[in-house]
Every structure is written in C-alpha cells, then in structure tokens.
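If you want the building blocks of each chain, they are given just below.
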Amino acid sequence: MRSRYLAEEEDDQTEASGVGTSSAPIIQIPVRTRRSSPDSHCGLRSMLLQVRDLGLGYDSDETVLFKYCSGTCPHARSNHDLSLTNLRLSGLLPHPAPGQLWHNAPCCRPTHHEDMAFLDNSHRWHKVEKLSAAGCGCVG
C-alpha cells in the first residue's frame, strides 16, 4: 500500500520543482497484495522478556527471546466436521459441560519446540526443555 508519507514526499518534490502543482487532493488507493497483514496468519512471533516473567518459578533477571505461535488458520470443513455438526444437531452427542465450548476450527499451535538455557540470580545455569516454539502450524 502506498504510504501517506510517500505521497507527501512526492508532493514536496513536485512543489519544489514547480512542475505539475495542482490543488486536487491526492486520493489514497489501497493496493491489494497476495497476503494480509503479517500478524493475521498463523506464524512464529517473539518477544524479549525476563525469565521470571515466564511464571516457572525461576529467580532470574536474565532477558531471553521467547517465541510463540499466534494468528489465524483457514477453516476448511472436513467430512469429520460435517458429521460432528450433524450428530450434535440431532442430539446424538452429549452436550459439553457448562463453561466448555465445542471447538471445530483449527488452532495455531507449535509444531516443534526448542530448549532454553539461562543463568539465575544465584549464578546457576538452568536448561528448560521445549520452552520456546520453533515452528508453527494450523492444528485441528
């Protein structure tokens, strides 16, 4: 998508050259790309945080790069989904317990993990297995 900053920069260049100045406003036309915003699709995200913020009980001020999966997954209805819906609607399947919902859409989840090592405040090394996501995919 053409940014407004680019449009303003072009206006400044046009006015400075004295060529083609016009009082007509510039209309922003969104450009469609093959992909939506990068945050909408299932993928690997990361954030820097202190080990103690992970909530695992470690007393450490060390900052680590924590990777996780986030985003949406396409919802393609399989024969299983169609059958499950029909069984639910016909009353052949028991209703979920109060507070529980049926989940029939794929979820963005880690496909594999990586270990993380860090130093605690007592100068001891810790290695936590499968703490950070290393790959993501739509599951379900």
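The protein chain is annotated in an unreviewed UniProt entry as Artemin from Kryptolebias marmoratus. Recorded in UniProt for the protein chain, the comment headed Subcellular location (unreviewed entry) runs: "Secreted". Per UniProt, the protein chain has the following entry under Subunit (unreviewed entry): "Homodimer; disulfide-linked. Interacts with GFRA3 coreceptor and RET: forms a 2:2:2 ternary complex composed of ARTN ligand, GFRA3 and RET receptor."

Draft legend 1. Expanded view of the overall build of the protein chain. When you go through the protein chain residue by residue, the secondary structure sums to two helices and four strands. Each helix and strand of the protein chain, ordered N terminal to C terminal, gives the series α-β-β-α-β-β. Per-residue burial for the protein chain yields a buried fraction of 19% across its 140 residues. Counting contacts in the protein chain only where the partners sit at least 6 residues apart, residues at least 24 apart contribute 54% of the total. Just so you have it, the protein chain exposes about 11,000 Å², and 54% of that area is on carbon and sulfur atoms.

Draft legend 2. How the structure looks around the pairing of strand S3 (residues 107-119). Note: S3 against strand S4 (residues 125-139), eleven bridges, orientation antiparallel. Within S4, the residue paired with His 113 across the bridge is Ala 133. Hairpin connection from S3 to S4: five residues lie between these consecutive antiparallel strands, with His 123 at a positive phi of about 65°.

Draft legend 3. Quick peek at the nonpolar core. Leu 49, Val 51, Val 64, Phe 66, Met 116, Phe 118, Val 128 and Leu 131 form the largest nonpolar core, which has eight residues in total. Elements supplying a minimum of two residues to this core: strand S2 (63-70), S3 and S4. Apart from residues no more than four positions distant in its own chain, Val 51 is found in contact with Tyr 58, Ser 60, Glu 62, Val 64 and Phe 118.

So, how was this worked out
- Residues numbered from 1 in each chain as written.
- Predicted model: local features only at pLDDT ≥ 70, side-chain atom pairs only at ≥ 80, totals over all residues.
- Heavy atoms only, no water.
- UniProt positions renumbered as here; feature names shortened; annotations may be inferred.
- Helix = DSSP H or I, 4+ residues; strand = E, 2+ residues; numbered from the N terminus.
- Buried < 20%, exposed > 50% of the residue type's maximum accessible area, 1.4 Å probe, protein only.
- Contact = heavy atoms within 4.5 Å.
- Areas by Shrake-Rupley, 256 points an atom, 1.4 Å probe, with all protein chains shown as cover.
- Pairing = 2+ DSSP bridges.
- Core = buried A, V, L, I, M, F, W, Y, C linked by side-chain atoms within 4.5 Å.

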